[in-house]
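# Inside the fold
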Amino acid sequence: MTPLVFTDLDDTLFASRRKQPGGRLRQVTTATNGHHSYMTPAQEALFAWLSASAEVIPVTARSPAAFDRVHLPFAGPAVLSMGAVIRRGGAADPAWHARLEGIAAQAGPRMSAMLADVSGDAALRAWIVEE
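## Some details on the packing of aromatic side chains
With the rule as written, the count across this model stands at 2 aromatic pairs. Relative to Phe 74, the ring of Phe 47 has its centre 5.4 Å away and its plane inclined at 75 degrees; by these criteria the two rings are edge-to-face. Of the two residues, Phe 47 is situated in helix H1 (residues 41-53) and Phe 74 in the loop between helix H2 (64-67) and strand S6 (78-80); the sequence distance between them amounts to 27 residues. The exposure class assigned to Phe 47 is buried, which follows from its relative accessible area of 7%. Exposure remark for Phe 74: the relative accessible area of 17% places this residue in the buried category. Aromatic rings pair up to connect Phe 47, Phe 67 and Phe 74 into one cluster. Here the basic side chain of Arg 17 rests over the ring of Tyr 38, its NZ or CZ set 4.3 Å away from the ring centre.

## Quick notes on the sheet that holds strand S8 (residues 91-92)
Spatial ordering of the open sheet is given by S6-S7-S8, a layout of 3 strands whose pairing is antiparallel. In this open sheet, the two strands that pair with only one neighbour each are S6 and S8. Across 2 bridges, strand S7 (residues 85-88) lies against S8 in antiparallel orientation. Along S8, the bridge assignment pairs Arg 88 with Ala 91.

## Things to note about the sheet that holds strand S4 (residues 37-39)
With antiparallel pairing, the 3 strands of this open sheet are ordered in space as S2-S4-S3. If you trace the sheet from one side to the other, it starts and ends with strand S2 (15-16) and strand S3 (26-27), each paired once. Bridging between S2 and S4 involves 2 bridges; their strand directions are antiparallel. Residue pairing across strands places Ala 15 opposite Tyr 38, the latter belonging to S4. The sheet strands contacting H1 are S3 and S4, and the helix crosses S4 at an angle near 75 degrees.

## Observations regarding the nonpolar core
Ranked by size, the top nonpolar core spans 15 residues in total, and within it Phe 14, Leu 72 and Phe 74 carry the most contacts. Contributions of two or more residues to this core are made by H1 and S6. Discounting residues that sit within four places of it in the chain, Phe 74 has contacts with Leu 9, Leu 13, Phe 47, Val 56, Pro 58 and Phe 67.

## Concerning the pairing of S7
In this sheet, S7 lies alongside S6 in antiparallel orientation, the contact comprising 3 bridges. Pairing of Leu 80 across the sheet is with Val 85, part of S7.

Criteria and cut-off values
- Residues numbered from 1 in each chain as written.
- Predicted model: local features only at pLDDT ≥ 70, side-chain atom pairs only at ≥ 80, totals over all residues.
- Heavy atoms only, no water.
- Phe/Tyr/Trp six-rings, centres within 6.5 Å; stacked < 30°, edge-to-face > 60°.
- Helix = DSSP H or I, 4+ residues; strand = E, 2+ residues; numbered from the N terminus.
- Buried < 20%, exposed > 50% of the residue type's maximum accessible area, 1.4 Å probe, protein only.
- Lys NZ or Arg CZ within 6 Å of the ring centre and 35° of its normal.
- Pairing = 2+ DSSP bridges.
- Contact = heavy atoms within 4.5 Å.
- Axes fitted to C-alpha atoms, helices over the stretch in contact; angles between N-to-C directions.
- Core = buried A, V, L, I, M, F, W, Y, C linked by side-chain atoms within 4.5 Å.

Now the structure itself:
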């Protein structure tokens, strides 16, 4: 039986250059804003060990588009957008997508009303993210 390892990505398997110590770094993401992420040799070794001995399942706040810019060989499922998207075989899991579509349809009017309530406050920035 292959163990399952659920892991965050940012600040776990890699981090921005600003957060990394000096030395040899390997770029492992391409960010649209130019703030790419990098692995240290220790993070590379950890990822290699986990990948060789378990099924590594990324669990991240990254959107599907941002996850597509991660250059690491994840072969199995992925939990993206804080759990809003579950991918299997590179595509959204249809059962999970249908379940969340129903929940989103019910919550949509309430979310829009809350957004309208906070949008008048200049100190707040708010938006609704749809995946």
